[in-house]
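Overview (structure and organization)
Chain residues, written in single-letter form:
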Amino acid sequence: MDGSTRRFFDGILGAGAAFGLLGAGTLATGPRRVMLRRQWRPAYLDLESAGELARRAESLFSIYRSCRLCPRQCGADRLAGEKGVCQSVSRARVAAAHPHFGEEAPLVGRHGSGTIFFSRCNLLCAYCQNWEISHRGDGSFLSDEALGRLMLQLADLGCHNINLVTPTHCVPNIVRALRSAIPRGLRLPLVYNCGGYESLEAVRLLDGIVDIYLPDFKYTDGPTAAKYSSGAGDYPEVAAAAISEMHRQVGDLVVDEDGIALRGLMIRHLVLPRNLAGTGAFVHFVAHKLGPGTYVNLMSQYRPAWQAQRYPALSRRITREEYEQAVTWARQAGLTNVHLQG
Ligand code: SF4
């Protein structure tokens, strides 16, 4: 972190202290939900032993025949090699996999979050910081069994979870990979780390499979979403419905006795210049539809990347005043579990 960024965050932390800062960078005034690790087991084990995980895998794979895995509803026959907006076929492509220490503290712990970055994306934002992976599609195709082995390798490295980054367009492969890893001992929570542009049908099929949902909530205004995320004008209502379903499934964040996430919903919101993300409406939604104790990461690290310079409104970082305004809105909405730096 360079000096100017440090000063920026010092200012933010100062703002946070005025309304109950507990620990670095966290506006946390609500109770922490703790479960003893020995009392926890991943939800997918019960589905597997009941035969339900196999049925879910088949249901999800059948969607590839006329793809409606996400709200784009392309209808591409991905089993026959057709491609929709995400440019993906029926095999997962992976760009990188490693323990990650830059994620939220409850995911990182001491040994890192076991992160798997999937190539391609269904949202395709103009300012994507990982455009080589999401837009250009850098990465290698893996069989579902190889993907399962990758999960086990991350577990062997001591990672606290399997963090699936941009998983939406390859969920069927992920569930098959999970099934291949369970008999070989996988017992870590799955983190579904997505852009928030999810179909309700697919999210419902993940009920009991995913323990930790980590969606973005990027916009609360449809035309803004359409302009900067490849025509996804229905993003606000789609994301609100999907995230509400995620919350119904897993509830608020639960951590173990060491503060490591076991289960629950964690929402990321990237503050954009000129309030393009609609932060005031976002925190209002969280407080009133999900509850004030919902974990929110209010992210300040926007920088113009990929094609952002084509859009004057996106061509600069956010100001300190813009971030402080976002924090004020979160406080005024009554949110009690907000991470202020990321
Ligand atoms: S996952 Fe890809 S092919 Fe399927 S509906 Fe979404 S963008 Fe289209």
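1. Notes on the overall build of the protein
Per the secondary structure count, the protein includes 12 helices and 12 strands. The C-alpha atoms of the protein give 19 Å as radius of gyration, which agrees with the globular expectation for 342 residues (20 Å, within 12%). When its C-alpha atoms are laid out on the principal axes, the protein stretches across 50 × 50 × 35 Å. Split into buried and exposed, the 342 residues of the protein put 51% on the buried side. Residue pairs in contact within the protein that sit at least 24 positions apart in sequence constitute 72% of those at least 6 positions apart.

2. Overview of the packing of helix α11 (residues 279-290) against helix α12 (residues 320-333)
Put simply, α11 and α12 touch, their axes get as near as 9 Å, and they point 25° apart. Considering the angle they form, α11 stands roughly parallel to α12. When the axes of α11 and α12 are compared, the crossing they make is right-handed. Contacts from T279, G280, V283, H284 and A287 of α11 reach α12 at A326, W329, A330 and A333.

3. Details of the nonpolar core
Ranked by size, the top nonpolar core spans 106 residues in total, and within it Y192, V271, V286, L298 and A330 carry the most contacts. The leading source of residues in this core is helix α10 (residues 235-250), at 7 residues. Not counting chain neighbours up to four residues away, the residues in contact with Y192 comprise L164, P167, L206, V210, Y213 and L214.

4. What to know about unusual backbone geometry
Notably, Q87 is not glycine yet its phi reads approximately 60°, a positive angle. With respect to the helices and strands, Q87 occurs in the loop between α3 (52-63) and β3 (92-100). The class for Q87 is partly exposed, based on 17 C-beta atoms found within 10 Å. Positive phi, close to 55°, is recorded for R274, a residue that is not glycine. Examined against the element boundaries, R274 turns out to sit in the loop between β10 (261-270) and α11.

5. Some points on the confidence of the model for the protein
When pLDDT drops low, the exact placement of atoms in the prediction is not to be read closely. Across the protein, the average pLDDT comes to 92, with 91% of residues at or above 70. Counting contacts from residues 1-24, a segment whose pLDDT is below 50, to residues more than four positions away or on other chains yields 26 contacts.

6. A word on the pairing of strand β8 (residues 212-215)
Neither face of β8 is left uncovered, since the one carrying I212 and L214 and the one carrying Y213 and P215 both have all their residues buried. In this sheet, β8 lies alongside strand β7 (residues 190-194) in parallel orientation, the contact comprising 4 bridges. Bridge pairing in β8 links V191 to I212. Assessed by its sense of winding, the connection that carries the chain from β7 through helix α8 (residues 200-205) to β8 is right-handed. As judged from the 2 bridges shared by β8 and β10, these two strands associate in the parallel manner. Each bridged residue has a counterpart across the sheet, and for I212 the counterpart in β10 is G264.

7. A few points about α11
Look at α11: 16 Å from first C-alpha to last across 12 residues, which is about the 16 Å you get at 1.5 Å a residue. Of the surrounding elements, those touching the buried residues of α11 are α10, β10, β11 (295-299) and α12. G291 sits one or two residues past α11 and shows a positive phi near 125°.

8. A word on the environment of M266
The topology assignment puts M266 in strand β10. Residue M266 is classed as buried on the basis of its 25 C-beta neighbours within 10 Å. Along the chain, M266 and V283 lie 17 residues apart, while their C-alpha atoms are 13 Å from each other. Setting aside residues up to four positions removed in sequence, M266 forms contacts with E104, I212, L214, L253, Y295 and N297.

9. Regarding the pairing of β7
Among the 5 residues of β7, 5 are classified as buried, and the element is accordingly described as predominantly covered. A two-sided burial pattern is seen for β7, the buried positions comprising L190, Y192 and C194 on one face and V191 and N193 on the other. One ladder, built from 4 bridges, connects strand β6 (residues 162-165) with β7; its direction is parallel. In the sheet register, V165 faces β7, and the bridge partner there is N193.

10. Quick word on the packing of α3 against helix α7 (residues 171-181)
Close contact between α3 and α7 brings their axes to 8 Å; oriented N to C, the two are set at 155°. Compared by their axis directions, α3 and α7 come out roughly antiparallel. Relative to α7, the crossing made by α3 is left-handed. For the pair α3 and α7, contact is made by L53, A54, R56, A57, L60, F61 and I63 and by V171, P172, V175, R176 and R179, respectively. Of the residues assigned to the contact of α3 with α7, the class counts are 9 nonpolar, no polar and 3 charged.

Cut-offs and rules
- Residues numbered from 1 in each chain as written.
- Predicted model: local features only at pLDDT ≥ 70, side-chain atom pairs only at ≥ 80, totals over all residues.
- Helix = DSSP H or I, 4+ residues; strand = E, 2+ residues; numbered from the N terminus.
- Rg over C-alpha atoms; globule rule 2.2 N^0.38 Å.
- Buried ≥ 20, exposed ≤ 12 C-beta atoms within 10 Å, placed from the backbone.
- Contact = placed C-beta atoms within 7 Å.
- Axes fitted to C-alpha atoms, helices over the stretch in contact; angles between N-to-C directions.
- Parallel < 35°, antiparallel > 145°, perpendicular 65-115°, else oblique.
- Left-handed = near helix turned anticlockwise from the far one by under 90°.
- Core = buried A, V, L, I, M, F, W, Y, C linked by C-beta atoms within 7 Å.
- pLDDT = per-residue confidence, 0-100.
- Pairing = 2+ DSSP bridges.
- Right-handed = clockwise from strand over helix to strand, strands pointing away.
- Expected span 1.5 Å × (residues − 1).
- Nonpolar A, V, L, I, M, F, W, Y, C, P; charged D, E, K, R; others polar.

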